[in-house]
Amino acid sequence: MHTGTTLTQFIIEEQRHIAGATGDFTALLNDLATAIKVISNAVNKGALIGTMGALDSQNIQGETQKKLDVITNEIMIRTNEWAGHLAGMASEEMDEVYAIPKQYPLGKYLLVFDPLDGSSNVDINISVGTIFSILRAPVPNRVAAMADFLQPGTQQVCAGYALYGSSTMLVLTMGHGVNGFTLDREVGEFLLTHPDMKVPEETKEFAINASNRRFWEPPVARYVEECLAGTEGPRGKDFNMRWVASMVAEVHRILTRGGVFMYPRDTKDPSKPGKLRLLYEANPMSMIVEQAGGASSTGHERILDLQPEGLHQRVPVILGSKNEVETIVSYHKAA
Ligand code: AHM
Ligand code: MG
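Right, let's get into the site of ligand 1. The environment of ligand 1 is formed by 17 residues, the closest being Asp 117, Gly 118, Asn 209, Met 247 and Tyr 263. Within the contact set of ligand 1, an oxygen atom lies 3.3 Å away from a backbone nitrogen or oxygen of Ser 119. The separation between an oxygen atom of ligand 1 and a polar side-chain atom of Arg 277 is 3.3 Å. Alone, ligand 1 offers 470 Å² of accessible surface; in the complex the protein occludes 85% of this. Those elements giving two or more residues to the shell around ligand 1 turn out to be strand 4 (109–117), strand 12 (260–263) and strand 13 (276–277). Residues belonging to the shell around ligand 1 are distributed by class as follows: six nonpolar, four polar and seven charged.

Structure representation (structure tokens):
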């Protein structure tokens, strides 16, 4: 019986094309896949295991942590710290870099992640996800410092997300295309179901939190106005709008049927240049979208070219179908 291509088979075959590959990276991805299966199970069990609701604590961004934010962060750490592939980890849920405990060997990669993106959706049973980015440690086998993580997105070795939706999927890129795998729960394996994913160029769909409308800058307001004007406006067609409040779900929709996602700079809180974080949200998602033929920008610059200045730095994000992103960027230039 043909079982299809498993994630393990896929990454081992990828590894064969890389001269001098030691298998470290393949093993790291296997550990990540295990963490994602465990998180998928915890998310799926929901109220049965008492993981709904918030804690009293806040993360460094001043956001109230959900119980599952903390649990999933712990799962990512415990599953990935021991094997000797990493020199350090950083996460949305930890103020500082996580140092690999002394009893474990160090490795040549850095892992950055948002363990549970869109966690405000957990209590209402709507899709959430995990986002991750793998970088090369500037100095292998040495405890990573914060500065080691401050690499532009173009340096990512691998970027991916897991979507805990009606099915659990793992979507990843290693720099030559994007592939999607679906978790077969009975077999316990991710199977390649979405080879070579591409963002359709044309779209009639956009995603933005419209409750922030009064804070938008003119280029974004102009773009949305033109979409809303439909067949009577300059775009000459009707648009549809979506907002899941879970970036993973929005990006997955865009990879499947096109569209544009915006969490732009706004004037709501002038101290924040955007809501989403560069290292573990914007960069990995930008790499995936670009690898699938889409585009990703702050409105002024390509996100992957930004030089990070802090672990938890925020950036404006405009990503999706290339033509739409280019249109929005041109409106920024014209403003
Ligand atoms: P989180 O990582 O704390 O869950 O926040 C990120 C999420 C994104 O997934 C989503 O696009 C956005 O925040 C939703 O924000 P808002 O509640 O302002 O609509
Ligand atoms: Mg997040």
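That was the structure; now back to the text.
The subject of this paragraph is unusual backbone geometry. Of note, Asn 141 is a non-glycine position whose phi angle comes to about 60 degrees, a positive value. Looking at the secondary structure, you find Asn 141 in the loop between strand 5 (128–136) and helix 4 (146–149). Residue classification places Asn 141 among the exposed residues on the basis of a relative accessible area of 53%. In this model, Asp 196 sits at a positive phi of 50 degrees, which is unusual for a non-glycine residue. Inspection of the secondary structure puts Asp 196 in the loop between strand 9 (189–194) and strand 10 (205–207).

Reading guide: rules and limits
Residues numbered from 1 in each chain as written. Chains lettered and ligands numbered in written order. Predicted model: local features only at pLDDT ≥ 70, side-chain atom pairs only at ≥ 80, totals over all residues. Heavy atoms only, no water. Near = heavy atom within 4 Å. Polar contact = N/O pair within 3.5 Å; in protein donor to acceptor, adjacent residues only side chain to side chain. Areas by Shrake-Rupley, 256 points an atom, 1.4 Å probe, with all protein chains shown as cover. Helix = DSSP H or I, 4+ residues; strand = E, 2+ residues; numbered from the N terminus. Nonpolar A, V, L, I, M, F, W, Y, C, P; charged D, E, K, R; others polar. Buried < 20%, exposed > 50% of the residue type's maximum accessible area, 1.4 Å probe, protein only.

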